[in-house]
Structures are given as structure tokens and as C-alpha cells.
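# Commentary on secondary and tertiary structure
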Amino acid sequence: MKLSTKAIHVGHDVDSLTGAVALPLYLSTTFERDPDGGYPRGYVYTRLDNPNRMALEQSLCSLEGGKAAAAFSSGLAAINALLQGLSGGDHIVVSDELYHGTVHIIKDIYGPWGLQATFVDTRVPELVQQAVRPNTRLVYIETPSNPTLKITDIRAIAGIARAAGAKCVCDNTWATPILQRPLELGADLVIQSTTKYHGGHSDVLGGALVSKDDDEFFARIRMIQRIGGAVPAPFDCWLISRGIQTLPCRMKAQTRIAAQIAAFLESKPQVEKVYYPGLASHEGHAVAARQMDGFGAMLSFQVRGGREAALAVTGKVKIITPATSLGGVESLIEHRKSIEGPDSRTPDNLLRLSVGLEDVEDLKTDLETALAG
Ligand SMILES: *Cc1c(COP(=O)(O)O)cnc(C)c1O
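Everything quoted here is computed from the prediction, not taken from an experiment.

### Quick look at the packing of helix H2 (residues 51-64) against helix H9 (residues 234-245)
As a packed pair, H2 and H9 sit with axes 8 Å apart at the nearest point and diverge in direction by 35 degrees. The way H2 lies across H9 gives a crossing that is left-handed. Here Asn52, Arg53, Leu56, Ser59, Leu60 and Leu63 of H2 lie close against H9, whose contacting residues are Pro234, Cys237, Trp238, Ile240, Ser241 and Ile244. The class makeup of the residues in the contact of H2 with H9 is eight nonpolar, three polar and one charged.

Here you go:
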């Protein structure tokens, strides 16, 4: 099956009891036992497993081309479970530009627990090679990265990790499996914040880990999911499963619109620089073209005139909403530095744009007017 067929049918079986075409919602927290104490239908208690979560995990697994998937209550809960799978004294190599919450969790929760982390520019494989140590367990990359869409060569970094006896983990949130499948490129695990494109409508939080192998490390992740308890509610799984059915067509349409917006912004005198891997001017364009099936619907740009000029744009847009987050059908714009906190290295005049599904001409007019001041 191709991706768009998988998105619609895997984890979306017709209900055998009623013939319902749409997945029924199983809110029950507990499931009936046999007189002999067994569980004839396989379900025990919803924290351990639930039909809606199982359907979602099948779907996520199939889209990424993995062997096993674990769904969580948010993207950060998935990242938390991944790091809990390690031990104090372990070492990880991490991209030096990442979603700010990931940096926070590594430094402020796992740092005090003894996890050692080296942050390097993973666009340069030699720097990753120099950073690995005998106790390196993970090489953690995010590509395209947040917020300047740096592109890491997944195949090159996965090769270095494998040779070092470490696993390569890729946060694939901005690309989604529709545009990039890290497991096919040699990565061992994929992280998704399903809050973003999978959900697609800015109304549900979720996260997932998908593994290339159903191995010992994944068994530990599964245990942490069930015993740690950061599981998604059945209705959240249901919403994300529903979102996934239109993920391929939304992703392709939003990507087409974003490419036009990126070119439009690049032509504007008020714009200093545009970060979009689909632009020939982007330093990661060649690698992105090789490893992605499309350049995505996220872009950032720097506005001439500094912080005030950038903030003024977010105050003047009418169709685009100034808000954090991404991946929904509605376009969102954000002054990134002000949400990342005092340690942020993001330029003060940078705006991040999540391109939605509105008409491209309306979006251009909105930006044109806001930039004109
Ligand atoms: C949003 C995001 C996360 C965190 O996901 P939540 O669902 O908000 O916890 C992680 N990585 C990336 C790249 C993200 O955009």
C-alpha cells in the first residue's frame, strides 16, 4: 500500500461487532476478565492498552515503516520516555538547534540525573564523529530543525551512530512520514509530536515513538509508557487517528502553499532572510532534496528593522493568527525568541510561520499588508 492508502485504512478496520466504518470510541478504563482470571480479548486496563490507542499505534507504525510504536499524551511525554530509557552516566549527542522543550528536558530534568549531553551542529558529520564516546547511547537529531530549519543528513548521522554502537533518533515532527521517513534512511527511532500535523486541527495533544526494531530498548519504552502512565486518552487517540486519514493530502497541499509563500517573502525588501529548505538559497537545500519528498509547510523569516518591526508584523496580520504551535489547517505566526526564554539564541527579528490551508493569494495579501506597515 502507498502512504495515502495506509493513512486511511491501517488502524481503521471496519468494526466487526457493528459494521461501523468510523472507529468506535472505547472510553472504558477496564475490561472484563474470564472466570479463570484470564483476559480473553487481550485488554486489561486502559493505561496498559486500549483499542483506540492500539489502532493509532498501528497507523503510526505503518506510516513511518517501523516495527513498533508507542503513543504518548504529548510529544514531550514521548521524548521523556525515550530519555527515561537511558541510565545515569549515559551520554547522548544532540543537535545544537532543537525544539526548545527538548533542550529544557535534557538539561533541566536529565542533567541532574546524570545524563551527559554534548550539543553539536549535526549538519557537520565530522563534529558528530568527534563527539561520540564509548558510553554514547543515542544520537538525537531534529530535521528540519526548529526554528531555522537546519537540515541534518539522516543517513550520514545514522551511520556514525551505528558504528559507535548508539541509536540514532530523529524528531520527524516538521516533516511527518509523508515527507520524510528516517527509519528508511537508517535511523533507529522516530519521535513525533502528533499534536502538530497528525492531529492537524490544533485541538489535541499527542506524541509517539516509532522504532525500526521491536527490540529490548523498545520493550523498555513500552514498559515506561504503561507504568510511567503518560498515555493519551482514548478520545485523543481517536482525534489523532482521524487527523491521520487526511495527513497525506494536507501535507502536500500545505507544502505547495508554503513554497509559494517562501518565494514571495524572499522577494520582499522588508524581509532580510527566509529560512525554507525548498529555496535554492537555503544552505541545506541539496540534502533536503535528497532525503525529503517535499520541503514542508514551516518557514521562518527575519524582518528588517529588528524586534519591533517583527512584532509589528504579528500585530497586523488579519488572516494569520499570532500564536505558538504549528501543523494545523490555520496559518500561525510567532515571534519565536519571546517564547523560547532568556537562553534562546534565535534572532530577535525572526518570525516563524506555520502555513495552513488557506488560499495562497489571501495569505500573500495578509503578509504584504502587514509588512507594508
Ligand atoms: C511541538 C514539538 C515538540 C513537543 O511536542 P508537544 O506535543 O508540544 O509536547 C517536539 N518536537 C518538535 C519539533 C515540536 O515541534
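### Focus: the UniProt feature "modified residue: N6-(pyridoxal phosphate)lysine" (unreviewed entry) in the chain
Per the UniProt record, the feature "modified residue: N6-(pyridoxal phosphate)lysine" (unreviewed entry) sits at Lys196. With respect to the secondary-structure elements, lysine 196 resides in the loop between strand E6 (189-193) and strand E7 (207-211). Owing to a relative accessible area of 12%, lysine 196 belongs among the buried residues under this scheme. Apart from the residues lying within four places of it in its own chain, the contact partners of lysine 196 are Thr173, Ser325, Leu326 and Gly327.

### Observations regarding the site of the ligand
Near the ligand you find 13 residues, and of these Gly75, Leu76, Asp171, Thr195 and Lys196 are the closest. Between the ligand and the protein, one listed contact pairs a nitrogen atom with a side-chain N or O atom of aspartate 171 at 2.7 Å. Tryptophan 174 places a polar side-chain atom, nitrogen or oxygen, 3.3 Å from an oxygen atom of the ligand. Taken by itself the ligand offers 380 Å² of open surface, and the protein chains cover 93% of this. In terms of residue class, the shell around the ligand is made up of four nonpolar, six polar and three charged.

### Some points on the pairing of strand E12 (residues 350-354)
Within a regular strand, the side chains alternate between the two sheet faces. The element E12 is extensively covered by neighbouring structure, given that five of its five residues are classed as buried. Of the two faces of E12, the one carrying Leu350, Arg352 and Ser354 and the one carrying Leu351 and Leu353 are both buried. Pairing geometry for strand E9 (residues 298-303) and E12, over five bridges, is antiparallel. Pairing of serine 300 across the sheet is with arginine 352, part of E12. Examined bridge by bridge, strand E11 (residues 332-335) and E12 share four bridges and lie antiparallel to one another. Directly across from leucine 332, in E12, lies its bridge partner serine 354.

### Considerations on the packing of aromatic side chains
Counted according to the given criterion, the structure contains three aromatic pairs. Taking 5.3 Å as the distance between ring centres and 35 degrees as the angle between the ring planes, the aromatic pair formed by phenylalanine 31 and tyrosine 43 counts as tilted. Residue phenylalanine 31 is found in the loop between helix H1 (3-9) and H2, and its partner tyrosine 43 is found in the loop between H1 and H2; the two are separated by 12 residues along the sequence. Judged by relative accessible area, tyrosine 43 falls into the buried class, the value being 17%. Here tyrosine 110 and tryptophan 113 contribute two aromatic rings whose centre-to-centre distance is 5.4 Å and whose plane-to-plane angle is 80 degrees, an arrangement assigned as edge-to-face. Judged by its relative accessible area of 56%, tryptophan 113 falls in the exposed class.

### A look at the nonpolar core
Ile261, Leu265, Leu299, Phe301, Ile333, Leu353 and Leu367 are the most contacted members of the largest nonpolar core, which has 58 residues in total. The element best represented in this core is helix H10 (residues 247-266), accounting for eight residues. The next biggest cluster of nonpolar side chains, apart from the first, holds 27 residues, and it includes Ala70, Ile106, Ile191 and Ile224.

### Some words on the pattern of salt bridges
Counted according to the given criterion, the structure contains 19 salt bridges. With a shortest N-O distance of 2.8 Å, aspartate 293 and arginine 181 are connected by a salt bridge. Within this pair, whereas aspartate 293 is found in the loop between helix H11 (285-291) and E9, its partner arginine 181 is found in the loop between helix H7 (176-179) and E6, the two being separated by 112 residues in sequence. With relative accessibility at 53%, the residue aspartate 293 sits in the exposed group. Overall, arginine 181 belongs to the buried group, its relative accessible area being 15%. Residues lysine 268 and glutamate 368 are paired through a salt bridge, measuring 2.8 Å at the closest nitrogen-oxygen approach. One end of the pair, lysine 268, is in the loop between H10 and strand E8 (271-275); the other, glutamate 368, is in helix H14 (residues 360-372), with 100 residues separating them in the sequence. With relative accessibility at 15%, the residue lysine 268 sits in the buried group.

### Remarks on the sheet that holds E6
In spatial order, the strands read E1-E7-E6-E5-E4-E2-E3; together these seven strands make up an open sheet with mixed pairing. Edge positions in the sheet fall to strand E1 (68-72) and strand E3 (116-120), since each has one partner strand and no second. Within this sheet the neighbouring strands show an average axis-to-axis angle of 20 degrees, counted without direction. Two strands pair when backbone bridges link them, and E6 and E7 are joined in this way by five bridges, in the antiparallel orientation.

### Comments concerning empty space enclosed by the protein
A probe matching the size of a water molecule, rolled over the atoms, marks out where space remains unfilled. Here the structure, examined in full by the defined rule, presents one cavity of 30 Å³ or more. In this structure, the largest cavity occupies an estimated 40 Å³ of space. As for the largest cavity, its lining consists of Ser95, Asp96, Glu97, Asp121, Thr122, Arg123, Glu142, Ser145, Lys150 and Thr152. Split by residue class, the lining of the largest cavity holds no nonpolar, four polar and six charged.

### A look at unusual backbone geometry
Most peptide bonds adopt trans geometry, and most residues besides glycine take a negative phi value. At the junction of threonine 143 and proline 144, the peptide bond is cis and its omega measures out at -10 degrees in the coordinates. Topologically, proline 144 is positioned in the loop between strand E4 (136-142) and helix H6 (154-163). Of note, the amide linkage connecting asparagine 146 to proline 147 takes the cis form, showing an omega dihedral of 5 degrees. Mapped onto the elements, proline 147 comes out in the loop between E4 and H6. At leucine 149, a position not held by glycine, the phi torsion is positive, near 50 degrees. Here leucine 149 lies in the loop between E4 and H6. For leucine 149, a relative accessible area of 1% gives the class buried. Although it is not a glycine, serine 325 sits at a positive phi angle of roughly 80 degrees. Judged by its relative accessible area of 27%, serine 325 falls in the partly exposed class.

What counts, and where the lines are drawn
Residues numbered from 1 in each chain as written. Predicted model: local features only at pLDDT ≥ 70, side-chain atom pairs only at ≥ 80, totals over all residues. Heavy atoms only, no water. Axes fitted to C-alpha atoms, helices over the stretch in contact; angles between N-to-C directions. Helix = DSSP H or I, 4+ residues; strand = E, 2+ residues; numbered from the N terminus. Left-handed = near helix turned anticlockwise from the far one by under 90°. Contact = heavy atoms within 4.5 Å. Nonpolar A, V, L, I, M, F, W, Y, C, P; charged D, E, K, R; others polar. UniProt positions renumbered as here; feature names shortened; annotations may be inferred. Buried < 20%, exposed > 50% of the residue type's maximum accessible area, 1.4 Å probe, protein only. Near = heavy atom within 4 Å. Polar contact = N/O pair within 3.5 Å; in protein donor to acceptor, adjacent residues only side chain to side chain. Areas by Shrake-Rupley, 256 points an atom, 1.4 Å probe, with all protein chains shown as cover. Pairing = 2+ DSSP bridges. Phe/Tyr/Trp six-rings, centres within 6.5 Å; stacked < 30°, edge-to-face > 60°. Core = buried A, V, L, I, M, F, W, Y, C linked by side-chain atoms within 4.5 Å. Salt bridge = Lys/Arg side-chain N within 4 Å of Asp/Glu carboxyl O. 1 Å grid on protein atoms, 1.4 Å probe; cavity = no way out; pocket = protein on both sides within 12 Å on 5 of 7 lines; lining within 4 Å. Points joined across faces, edges and corners; volume = space filled by probe spheres on them.

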